[in-house]
Structures are given as C-alpha cells and as structure tokens.
Amino acid sequence: MPVTAVVGAQWGDEGKGKITDLLAQEADVVIRYQGGNNAGHTVVNQHGTFKLHLVPSGIFNPSALCIVGPGMVVNLEVLCEELANLEAHGISTANLRVSDRAHLLMPWHTLLDRLDERERGRQKLGTTGQGVGPAYADKVARHGIQVYEVRDERRFRARVAHELETKNKVIERFGDAPLDAIAVADRVLRAAATLGDRIADTLPLVEHAVRTDARVLLEGQLGAMRDLDWGIYPYVTSSNPLAGGASIGAGIPARCITKVIGVVKAYSTAVGEGPFPTEMKGRDGDALREMANEYGATTGRPRRVGWFDAVAARHAHRLNAFTEIAVTKLDVLGAYETIPFCVAYELDGRRTTDMPPTQVLERATPIYETCTGWRTALDSVGDRAHLPAEARQYLAKIEQTVGAPIGMVGIGPERAAILL
Ligand code: GDP
C-alpha cells in the first residue's frame, strides 16, 4: 500500500468508508485530509454500524494511528461526541490525533451556514448546515482559528471575543440572537481539554511513517464532482477531495502518494443541489432509492439517484490518475433487466466526453448505451470470476469508459462483502 489515497470519483457517498475500513485493517496510519463533519462515512463491521463524521475510518484497527489532518475544519465538540460514541461501543480512540494546524469549526460557523442557506433561498447550495463552508471561508480570509490556539487560554478567549464582534453583527442582521463569547470559548476549551494530548503536531508522525515505509491511507471526503476547483461550482464543497488535496491536507509530499483508489458506485447518487445529468426522477428514482437505501448519512436526506455517468467518473480519473477503481453496490443493480449507462453527453448538438462547466452542464443530456442486467443476487459470489457474465461485462464497460482497472467490487455493505 505504502501511501494510498482513497478518493470519491462521483458526487460523494460512493462507499469510501467501507473501502477505507477494509484497507485500514492493514494500515499503520489513516488520515482524513479535508472537510469536516459534513462527511458521513458508513462503516459496517463486527462492531456494528457506524456513521463517522470526523474520525478516520481506520479507527476500528486498534493498532493504526488515526489522524484528523491539518486540511480539515474541526468542530471539537462534535469530535468529542463521536469519540464518546465509539468508546461506548468498545472501540479505543487512544490512537487518534488531531492536527494542531487544523482549523476550528466554531459555533458561529454552524449558525452562519444555516443563515447563508436561508438567504440564498431558491439558489441554496444544499449544504449539510454544519458550518464547514463558513469555517473554510474564514480560513481563506485569515480569520480562522487553528486548533493549537486553544493552548493559550487567555489569548484564545480574546480571539473568540474579537471574532464575535463582527460575526454577531451579521448574526443580528439576520434577526438571530448574538453568541456569548465566554460561553462559546468555554464550550470549545472544554472539548479541547477532553482531547488532551491527542491534539498534536502531526507532521513528525506522518513524516516518520513515510520514512519508514509504513502503510499510510489517505481518506477523502465527498467526490470529484464536489471538488472546490474541479466540481460543479458553486454546488461544491469548500475543500479539495481530489488526491492532489490529500498531499496538502495530510502533510505528505505529493510524490510520496503511490496509489490512488477511485471509489465509484455502480450507479450515481448526489446529495445537495447542482446539475446531475443522469438523474432518475419520479417513480423509477424512488424505487432505486428505496431498494438501495439512499439516504444521507449526516442529514438523513433522500439522495438523488441516477445511472452510472462515465463522463463524470472519467473526469475524476483525469484529475486523480487512479491506479485502480473500487466499484461499490454492484449488488443493487441485480434488480434490473436492462441498465442504461451514460457514455457521453450531447451538448448543443455535439457529442462530448469532456466535463463542461456548471452552467453548460445544466443543458447537457446523457447519451446512454444499454447494458444487459444479470437479474440475480450476488451475495453468494465469492470470486470476481464467478460473477454472472453480464455483471462482468458491466464492470468491463466501466473500465473501458473511465480508463482505469477495477481492483475491488462491493456486493454488500459489510466489510467482507467485497471481491478483490
Ligand atoms: P462514503 O461517504 O463514501 O463512505 O459513503 P456513504 O457511507 O455515505 O454511503 C455508502 C453507503 O453504501 C453506505 O450505506 C454503505 O454501507 C453502503 N455500501 C458500501 N458498499 C456497498 C456495497 O458494495 N453494497 C451495498 N449494498 N451497500 C454498500
């Protein structure tokens, strides 16, 4: 493995949590490199079913070091709740470290996120309302507070009071009650005290891991179509899920990343707003959503569902150079007699396999080819070679159109339900 990035190749929710949980059994270090608790990585293993929001999916390997990376924005209170829940299930969190350079997601960010969405009205982005966008906005605007700043209580309290002078003006303008600086600082400091020396400079740890050829996993959140630079702006997340983002966000030199695994669902889903060319609306979409249980892990929102979009996945491959693809949820498609597969878009009378910018993508229509379904359950299949011929053809079509080989195939939510 040495340094492997696991990244989303669609709109997010591809099943990265499951793939990371599986690979993490063999990893020494697992690092989340971007995003915040807008993530909801579902992991199903012998300990139960978990929705991880901030904690890397490697937490179930007691000997792996799990790092909340410097590229993340961290709500310390949410992190403490998540750790308490894991501990209550008998999972040790002693090996977790939070980068002291990560940015704090403060209570005002959550409030401002919701107010901003309210103001945008019909143009809303469909964020999870957890404050991640405003926290990154403050980071870029040089108003952010980094995790290490909690170590100097007096200065931290002054920073909070200073930031709230302007934030409260905005909050009040929206008609909401201002936040109390002392109460806010108390909350964050209490959470920081609970974390204790799990807050650390993570660079020496990561550097040591790379130097000693330890097996490092980089866990992305969301997918290429939600990348701040390469996704469907403005309906994007406020960081870079691409493997390029992993280098900065984890603190690993770019040339040390040796493998990039692109995770795709065998079809497509999206949570939030923005163009989604292969979206199935109406009864067909409802049927797939119900059958595949496509509801957001963080918000419980019904996910939008659609057919596989090779233009989107190829776009992700062009930007990530996948060494392999992991296809999840192939089992779900066993219900279909025929399966439409989007190979290109038609745009203003022309066929294209390039991903156009957002406003142009709005008027693209998918060009489908039809794959034959296999109409059988896959749960008893133990080997990829024993998949029905139609399922193998479907996988071959993904490889061909995206341009990278498939290394793993998910046929159920559990850790073991995977063909390597
Ligand atoms: P992530 O954020 O990329 O980790 O994805 P989510 O956890 O939000 O969504 C993936 C969902 O698919 C979760 O409910 C997983 O348990 C489930 N899942 C992952 N792989 C498979 C698979 O191969 N088959 C089935 N049926 N479910 C899967």
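Residues numbered from 1 in each chain as written. Predicted model: local features only at pLDDT ≥ 70, side-chain atom pairs only at ≥ 80, totals over all residues. Heavy atoms only, no water.

> Explanation requested: the overall build of the chain in the structure shown.
Along the chain, the regular secondary structure elements total 12 helices and 20 strands. Each principal axis of the C-alpha distribution contributes one length, and for the chain these read about 65 × 50 × 40 Å. Taken across its 420 residues, the chain has 57% of its residues classed as buried. Sequence separation of at least 24 residues holds for 75% of the intrachain contacts in the chain that already meet a minimum separation of 6. With the model as given, the accessible surface of the chain reaches about 17600 Å², and the carbon-plus-sulfur share is 50%. (Helix = DSSP H or I, 4+ residues; strand = E, 2+ residues; numbered from the N terminus. Buried < 20%, exposed > 50% of the residue type's maximum accessible area, 1.4 Å probe, protein only. Contact = heavy atoms within 4.5 Å. Areas by Shrake-Rupley, 256 points an atom, 1.4 Å probe, with all protein chains shown as cover.)

> Mind showing me how you'd approach the site of the ligand here?
Around the ligand lies a shell of 17 residues, among which Gly-15, Lys-16, Gly-17, Thr-42 and Asp-331 are the nearest. Residue Asp-13 places a side-chain N or O atom 3.1 Å away from an oxygen atom belonging to the ligand. Glu-14 places a main-chain nitrogen or oxygen 3.1 Å from an oxygen atom of the ligand. Relative to its unbound accessible surface of 590 Å², the ligand loses 92% to contact with the protein. For the shell around the ligand, the secondary-structure elements that each account for two or more residues are helix 1 (16-24) and strand 3 (41-45). Each residue belonging to the shell around the ligand can be placed in one class, and the counts come to 2 nonpolar, 8 polar and 7 charged. (Near = heavy atom within 4 Å. Polar contact = N/O pair within 3.5 Å; in protein donor to acceptor, adjacent residues only side chain to side chain. Nonpolar A, V, L, I, M, F, W, Y, C, P; charged D, E, K, R; others polar.)

> Sorry, what's going on with the packing of aromatic side chains here?
Each aromatic ring pair is specified by the distance between its two centres and by the angle formed by the two planes. In the structure shown here, the tally under the stated rule is 6 aromatic pairs. Ring centres 4.8 Å apart and planes at 55° place the aromatic pair Trp-11 and Phe-276 in the tilted group. Here Phe-276 lies in the loop between strand 12 (268-270) and helix 9 (282-292) and Trp-11 lies in the loop between strand 1 (3-8) and helix 1, a separation of 265 residues in the sequence. The buried category is assigned to Trp-11, whose relative accessible area is 1%. Phe-276 gets classed as buried once you look at its relative accessible area, which sits at 6%. Aromatic pair Trp-374 and Tyr-394: ring centres 5.8 Å apart, planes at 65°, arrangement edge-to-face. Of this pair, Trp-374 sits in the loop between strand 18 (365-372) and helix 12 (389-402) while Tyr-394 sits in helix 12, and the two are 20 residues apart along the sequence. For Tyr-394, a relative accessible area of 1% translates into the label buried. Taken together, the ring pairs connect Phe-308, Phe-341, Trp-374 and Tyr-394 into an aromatic cluster. The ring of Phe-341 has Lys-397 lying over it, and the distance from NZ or CZ to the ring centre is 5.9 Å. (Phe/Tyr/Trp six-rings, centres within 6.5 Å; stacked < 30°, edge-to-face > 60°. Lys NZ or Arg CZ within 6 Å of the ring centre and 35° of its normal.)

> Before we go on, may I ask you to explain the nonpolar core in this structure?
General note: in soluble globular proteins, nonpolar side chains tend to be found buried as a group. The biggest cluster of nonpolar side chains holds 61 residues, and the ones touching the most others in it are Leu-218, Phe-308, Ile-325, Leu-330, Leu-333, Tyr-394 and Ile-398. Val-78, Leu-79, Leu-104 and Met-408 belong to the second largest nonpolar core, which has 55 residues in total. (Core = buried A, V, L, I, M, F, W, Y, C linked by side-chain atoms within 4.5 Å.)

> Explanation requested: the side chain of Gln-130 in the structure shown.
On the secondary structure map, Gln-130 appears in the loop between helix 3 (107-120) and helix 4 (132-140). On the basis of relative accessible area, Gln-130 is assigned to the buried category, the value being 18%. For Gln-130, the side chain forms a polar contact with the side chain of Asn-37, separated by 3.2 Å. The residues contacting Gln-130, other than those within four sequence positions of it, are Asn-37, Asn-38, Leu-105, Thr-110, Asp-113, Arg-114 and Thr-298.

> In this structure, what is going on with the packing of helix 2 (residues 76-88) against helix 6 (residues 181-195)? I would like to understand it.
To describe two helices that pack against each other, one gives the angle between their axes and the distance between the axes. As a packed pair, helix 2 and helix 6 sit with axes 8 Å apart at the nearest point and diverge in direction by 40°. The angle between helix 2 and helix 6 falls in the class oblique. The way helix 2 lies across helix 6 gives a crossing that is left-handed. Each of Leu-76, Glu-77, Leu-79, Cys-80 and Leu-83 in helix 2 lies in contact with helix 6, whose residues at this interface are Arg-187, Val-188, Ala-191, Ala-192, Thr-194 and Leu-195. Taken together, the residues of the contact of helix 2 with helix 6 sort by class into 8 nonpolar, 1 polar and 2 charged. (Axes fitted to C-alpha atoms, helices over the stretch in contact; angles between N-to-C directions. Parallel < 35°, antiparallel > 145°, perpendicular 65-115°, else oblique. Left-handed = near helix turned anticlockwise from the far one by under 90°.)

> What's the story with the pairing of strand 11 (residues 259-265) in this structure? I'm lost.
For a regular strand, side-chain orientation follows a simple rule: the groups alternate between the two sheet faces. The buried fraction of strand 11 is high, at 6 of 7 residues. Direction of pairing for strand 1 relative to strand 11: parallel, over a ladder of 5 bridges. Note on strand 11: the bridge partner recorded for Gly-8 is Val-263. (Pairing = 2+ DSSP bridges.)

> In this structure, what is going on with the environment of Ala-416? I would like to understand it.
Its place among the elements puts Ala-416 in the loop between strand 19 (406-410) and strand 20 (418-419). Once the C-alpha coordinates of Ala-416 and Val-44 are considered, the two residues, 372 residues apart in sequence, prove to be 9.5 Å apart.

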